[in-house]
Amino acid sequence: MKILFVCSEAYPLIKTGGLGDVGGALPRALQKRGSQVRLLLPAYGAVMANAKESGVKLLLEFECDGVPLKLWQTRLPGSRVTTWLVDAPEFSARDGGPYTDSNGVDWHDNAWRFYLFSRVAEKISTGELPVDFVPDITHCNDWQTGLVPALLSRHKNKPATVFTIHNLAYGGIFNYDTFAALKLPDAWWHHEKLEFWGNFSYLKAGIVFADAVTTVSPSYAEEIQTPQFGHGLEGLLTHRKANLSGIVNGIDCQVWNPGSDSHLPCKYTRRSLKRRVENKRALQAEKNLPVNANIPMFGFVGRLVEQKGVSLILEVMQPLLAAGECQLVAVGTGQREFEQGLLKLQDQYPEAVAVTIGYSEQLSHWVEAGCDMFLMPSLFEPCGLNQMYSQRYGAVPICHYVGGLRDTVVNFCKSQLEAYTNGNLSLEQVDETGFLFRKPTPTALTECINRALACYQQPELWRKLQLNGMHKDFSWQHSCEGYMELYQGLLEG
Ligand code: ADP
Ligand code: GLC
C-alpha cells in the first residue's frame, strides 16, 4: 500500500507539540509494517537545517499557480522514511515558527502558504508531478492540510483520503477576501462546504471532503459531536458519524525510553526503578530547589494555553506550596498570562517552584523522569502524549477525565485507596496507573491531588502504581494497525 502522509510537523525535523510527535512516528510505524510511505512536509528554514545531516537532494522544480516551487528529498532522521519538502520562500526563507513569527504572531499569509502546500499534495496524489510515487491513500492532518481532500474531490482518479483531527480548537479560519484570492470554487462558499459563520475553515474542508475522518482517541471522537467540545462543528461531525472514528495515538518507544534516554542524568528501567530518584535530585540541583528525595514533586510540560488547564494548576498549587508540602517544576511556552502566572508563583515560592519558559527537549524528558506526579488537568485533550510518557517514565499522571486522557490513564479511585489502607485491597489487585478527576474545577483537582499525595505516603502502593504505568504498552503497534485497517477498508470500497 502506498501512503502519502501530509503533515505540517514531523519530529525530529520540526515540532511544536504532539502533532510533531505523531508526524514523525506514525509514518515510521506504517513503513515498518510494510507500507510504502512518503512524508510531505513544508521546507521551513529549520527543517532544511535539520535535514542536512541525512542529506538533501533536489528532486524537481516546477510551477504551481504561477509560483516557482522546489521539491527536496531527504530521509526522516533515524528512519528510512523518504521525506519530501515543499520549498517556497514563504516556508524556507523565514525565521520563527511554522505558524507564527518569533513574537508568536500568526504569519500574515498562512492561508496562502498552506494552500500552496496542499496544492502540491494534490499534484503528487494525482500523479501530476514526475515523481515515482502515486499514493493509494493520502492521509492529511489538521487544518494546515484540510484543503487537500477538498482539492482532490475534483479529480476522478484520486487516492482515498483520510483526514485526522488532532485538535478541533485550531480551525484554520480565514475571511471571504482570502477565499476569493485563492480562487477556490464559488460553490464551496456554502455552509455545507467550507463556509463557517461568515468566514471559511480549512479544518472544515477536511471534515467535509475526506473519505474518512479520524481523531486521535475514541473518547474525543465522541466528545466532538457535542456542543461542549465541537467548536461549532458538532453538527457536521455528527453528520459524518459513519465515517468518523477515534484511533488513540501511540508513543515512540525509542525516543521515549528511560532505559536509553540520553537526556537523563541517570537512566533506569522497571528493574532498576530505585535509580530513578537520581533524576529528581539532579533536577532539584539544576533548578536551584532544595535537594530532597522525599518531598513530592509535581511536573508540568506543555503549551501554556487555556486547553492545558494552567489556570487550575495556578489556583490549586497555591495552598499546597504555602504549606511547604511539595515542589513544582514546570516547562512551557505560550500565552503571556499563563507564563506570567507561573513566574509569579515562582517568585512567591522560590524554594519550591522552578519554572522554565521556553522549549527544551531535554527538560521535557528530564521532568518526566524526575517528578513524582505529572499534572495534566486539560480542559479538553484530543489525545495527549505527555500522560503516556509519564507512565512510561514512572511519573504518576494526574489528569482530567476527558478525551484521550480517559482512554490512556487508569484511575485509582478514593474507595480503592480506602480499601488498600484498611487492608482490604492487596497490591496484586492494584492495576491502576494514575489519578483522574471528573470536573475541571479547583475542588475536584484538589481532591485528586490529595488522593495522589495520600498514595505517595505509602511507598509500596506508589511503586506498584509506577510499575503498572511503566508496564503498559503504548507503542504505535496498535494504533498503526487501526490505521492500516481503515486504509484497507477504504481501498476495498
Ligand atoms: P499538544 O499536542 O496539545 O501540545 P501533547 O501532549 O499531545 O499536547 O504533546 C505535546 C508534546 O510537545 C510532547 O512531546 C511534549 O513533551 C512537547 N512539549 C510541549 N511543550 C514543550 C516545551 N516547552 N518544551 C519541550 N517539549 C514540549
Ligand atoms: C494535538 C492535541 C493533543 C494530541 C496531539 C497529537 O495537539 O492537543 O491532545 O495528542 O495533537 O495528536
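Here, every reference points to the structure presented above.
Residues numbered from 1 in each chain as written. Chains lettered and ligands numbered in written order. Predicted model: local features only at pLDDT ≥ 70, side-chain atom pairs only at ≥ 80, totals over all residues. Heavy atoms only, no water.

Participant: Hey, could you go over the site of ligand 2 for me, with residue numbers and the actual values?
Facilitator: Taken together, 14 residues are adjacent to ligand 2, and His-166, Asn-249, Glu-381, Cys-383 and Gly-384 come closest. A distance of 3.3 Å separates an oxygen atom of ligand 2 from a polar atom in the side chain of Asn-167. The backbone of Pro-382 places a nitrogen or oxygen atom 3.5 Å from an oxygen atom of ligand 2. Protein contact buries 93% of the 310 Å² of open area that ligand 2 shows by itself. If you tally residues by element for the shell around ligand 2, the top one is helix H1 (residues 18–32), at three residues. Class assignment of the residues belonging to the shell around ligand 2 gives a composition of six nonpolar, six polar and two charged. Here the shell around ligand 2 spans two domains, and each of domain 1 (2–250 + 476–492) and domain 2 (273–471) adds at least three residues to it. (Near = heavy atom within 4 Å. Polar contact = N/O pair within 3.5 Å; in protein donor to acceptor, adjacent residues only side chain to side chain. Areas by Shrake-Rupley, 256 points an atom, 1.4 Å probe, with all protein chains shown as cover. Helix = DSSP H or I, 4+ residues; strand = E, 2+ residues; numbered from the N terminus. Nonpolar A, V, L, I, M, F, W, Y, C, P; charged D, E, K, R; others polar. Domains from an automatic or database assignment.)

Participant: Break down the side chain of Arg-451 for me, citing the residues and quoting the values.
Facilitator: On the secondary structure map, Arg-451 appears in helix H17 (residues 442–456). Every residue in contact with Arg-451, bar those within four places of it in the chain, is listed here: Asn-411, Phe-412, Cys-413, Lys-414, Leu-417, Phe-435 and Leu-436. (Contact = heavy atoms within 4.5 Å.)

Participant: Talk me through the packing of aromatic side chains; I want residue IDs and the actual numbers.
Facilitator: Enumeration over the complete set of coordinates arrives at 24 aromatic pairs. Centre to centre, the rings of Phe-91 and Phe-117 are 6.3 Å apart; their planes meet at 75°, and the pair counts as edge-to-face. Of the two residues, Phe-91 is situated in helix H3 (residues 89–92) and Phe-117 in helix H4 (residues 110–125); the sequence distance between them amounts to 26 residues. In this structure Phe-91 comes out as buried when scored by relative accessible area, which is 2%. By way of ring pairs, the aromatic residues Tyr-44, Phe-91, Tyr-99, Phe-114, Phe-117, Trp-143, Phe-174, Tyr-176, Phe-179, Trp-189, Phe-200 and Tyr-202 are connected into one cluster. Against the face of Trp-107 rests Arg-94, its NZ or CZ located 4.7 Å from the ring centre. The positively charged end of Arg-438 is found above the aromatic ring belonging to Tyr-401, 3.9 Å away from the centroid. (Phe/Tyr/Trp six-rings, centres within 6.5 Å; stacked < 30°, edge-to-face > 60°. Buried < 20%, exposed > 50% of the residue type's maximum accessible area, 1.4 Å probe, protein only. Lys NZ or Arg CZ within 6 Å of the ring centre and 35° of its normal.)

Participant: Can you tell me about the sheet that holds strand E7 (residues 160–165), naming the residues and giving the values?
Facilitator: Strand order across the open sheet formed by nine strands is E3-E4-E5-E2-E1-E6-E7-E11-E12, with mixed pairing between neighbours. Strands at the two margins of the open sheet, each flanked by one partner only, are strand E3 (57–64) and strand E12 (244–246). Strand after strand, the sheet turns through a mean of 25° between neighbouring axes, direction not considered. Here four bridges tie strand E1 (residues 2–6) to strand E6 (residues 137–141), and the two strands are oriented parallel to one another. Paired with Phe-5 across the strands is His-139, a residue of E6. Packed on one face of the sheet, helix H7 (residues 202–209) meets E7 and strand E11 (212–215) and runs near 135° to E7. (Pairing = 2+ DSSP bridges. Axes fitted to C-alpha atoms, helices over the stretch in contact; angles between N-to-C directions.)

Participant: Quick one: what's the story with the pairing of E3, residue by residue and with numbers?
Facilitator: Where E3 lies against strand E4 (residues 67–75), seven bridges are found, and the strand directions are antiparallel. Its bridge partner being in E4, Phe-62 is matched across the sheet by Leu-69. Count of turn residues in the E3/E4 antiparallel hairpin: two residues, of which Asp-65 carries a positive phi of about 50°.

Participant: Would you mind going over the site of ligand 1 in detail, with residue names and values included?
Facilitator: If you check the shell around ligand 1, you find 22 residues, and the closest are Lys-15, Gly-18, Asp-21, Arg-303 and Lys-308. In the model, an oxygen atom of ligand 1 is placed 2.7 Å from a nitrogen or oxygen of the Arg-303 side chain. Between Asn-386 and ligand 1, the recorded distance is 3.4 Å, taken from a side-chain N or O atom to an oxygen atom. Notes on ligand 1: free accessible area 560 Å², of which the protein chains cover 94%. Looking at the shell around ligand 1, the elements with two or more residues in it are H1, strand E13 (297–304), strand E14 (327–334) and helix H14 (386–393). Across the shell around ligand 1, the residue classes break down as six nonpolar, 11 polar and five charged.

Participant: Please give an account of the environment of Ile-251 that cites residues and values.
Facilitator: If you trace the backbone, Ile-251 turns up in the loop between E12 and helix H10 (277–286). Spatially, the C-alpha atom of Ile-251 lies 18 Å from that of Ser-360, the residues being 109 residues apart in sequence. Beyond its immediate sequence surroundings of up to four residues, Ile-251 is in contact with Leu-385, Met-388, Tyr-389, Arg-392, Phe-474, Ser-475 and Trp-476.

Participant: Requested: an account of the pattern of salt bridges, with residues and values cited.
Facilitator: Applying the stated criterion to the full structure yields 13 salt bridges. The closest approach of N and O atoms between Arg-451 and Glu-447, which form a salt bridge, is 3.0 Å. Here Arg-451 and its partner Glu-447 are both found in helix H17, four residues apart, which amounts to about one turn of the helix. In this structure Glu-447 comes out as partly exposed when scored by relative accessible area, which is 33%. Connected through salt bridges with shared partners, the residues Lys-15, Asp-21 and Glu-361 form a single ionic network. (Salt bridge = Lys/Arg side-chain N within 4 Å of Asp/Glu carboxyl O.)

Participant: Please give an account of the pairing of strand E15 (residues 353–357) that cites residues and values.
Facilitator: By the criterion of burial, E15 is predominantly enclosed, with four of the five residues buried. Direction of pairing for E14 relative to E15: parallel, over a ladder of five bridges. Pairing of Gly-332 across the sheet is with Ile-357, part of E15. With helix H12 (residues 336–348) bridging E14 and its parallel neighbour E15, the resulting β-α-β unit is right-handed. (Right-handed = clockwise from strand over helix to strand, strands pointing away.)

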